[in-house]
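# Notes for the structure review
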Amino acid sequence: MSLIKKMGTAKWLIFIASFGALCTIAWLAINKDPAQNSGPLLPVTIALPTQISGGALYVGQDQKIFQKHGLNVTIQPFILGKQALQSTLQGKADLAILADTPFMFAVMHGEKIAAISTIFGSRKSLAIAARKDRNIAKAEELAGKTIGTIFGINAQFFLDTLLLTHGIAKSSVTVVDLKPSTLVEALESGKVDAVTVWNPDLAKVEQELGDRVVTIYDKDIFVYRFMLVGTQDYIAKHPAEIRQVLAAIEEGTRFIHEQPVQAQSIIGKHIGLDAALLSKSFDPNDFYLTLDQTLLLALGDQTRWAMKQNIIPAGVIPNYLNYIRQEPLESVLPSAVKIIH
């Protein structure tokens, strides 16, 4: 006798309906948003400069990737990474995105901070923009000129490195410390002959001045590197938040690699730059997570430069391994940790 006959048609239909409902509930439990699985979203405030370097975080916000990883992320925008770090040191933000040069200066000034991961590295996002009507067409012709930059950040290190590489004596140029908001105006008005500039301002300068400006890169001497950084105390006390932030950034990075056109549009929207202008310097391969030996080498080089230029007192170069926390990245993306101890 069949099972249907034993149970009766009505009971059989009820059984089928109940079984289907249980399967649906089970499927929803397995496939629901991970943030729902982990309870309330963990609040994290991340300070960062409004630049292309924060691309993975902008994608994370736009595509709700942070929520997926159990986070309620608030982004604090600044012009410079060192301003973002200051917000973190003041307890107004939990984490910061900043370049390696201001990170080095903060360490040398005794701040108890640590790098968690490099998240961006480009050889064409920072450049010298120079006026052609000042007879500048290549790096060597910067000699005798007035150049605007911002002291205390990677732009200053980049400028000095470029001058040295091209055999231009520092004494032969006049370097002016400008405010970030005045760089473009100083070049356009002719107050300076050239400026160090990065996106989004680099693209705007090229658009506004057109063939009146020459852009000077040196892809072999400098990496425009940005890192995720926090105070050592915050990193030690919030391991879950750190891991989830890294996981979200890693997913945002994958999105940039897999959906570059959409990612470019998202990033351009957040930094106030038309996607068409951003396209010249946008490279998905510039977005990656890593802790590798090049970071340690760069920090050492920048420390020696700062001492030689009397920006900081001469002394012993610190062991920057003491200012790196690799455990969170190892737990999220083990292959990204390549530091030699």
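Report follows, based on the coordinates.

## Notes on the sheet that holds strand β7 (residues 174-177)
Ordered by their spatial adjacency, five strands build an open sheet running β7-β6-β8-β5-β9, and the pairing between neighbours is mixed. The sheet is open, and its two edges are formed by β7 and β9 (213-216), each paired on a single side. Averaged over all adjacent pairs, the angle separating strand axes in this sheet is 30°, with direction ignored. Direction of pairing for strand β6 (residues 146-149) relative to strand β8 (residues 194-198): parallel, over a ladder of two bridges. In the strand pairing of β8, Gly148 is matched with Val195. Set on the sheet, helix α8 (residues 154-165) makes contact with β5 (126-131), β6, β7, β8 and β9; between it and β5 the angle comes to about 70°. This element, helix α10 (residues 201-209), spans β5, β8 and β9 of the sheet and lies at about 150° to β9.

## Topic: the pairing of strand β1 (residues 42-49)
In terms of burial, β1 is a largely internal element, six of the eight residues being buried. Here β1 runs beside strand β2 (residues 71-78); their pairing, made up of eight bridges, is parallel. What sits directly across from Val44, in β2, is Val73.

Reading the values: the criteria
- Residues numbered from 1 in each chain as written.
- Predicted model: local features only at pLDDT ≥ 70, side-chain atom pairs only at ≥ 80, totals over all residues.
- Heavy atoms only, no water.
- Pairing = 2+ DSSP bridges.
- Helix = DSSP H or I, 4+ residues; strand = E, 2+ residues; numbered from the N terminus.
- Axes fitted to C-alpha atoms, helices over the stretch in contact; angles between N-to-C directions.
- Contact = heavy atoms within 4.5 Å.
- Buried < 20%, exposed > 50% of the residue type's maximum accessible area, 1.4 Å probe, protein only.

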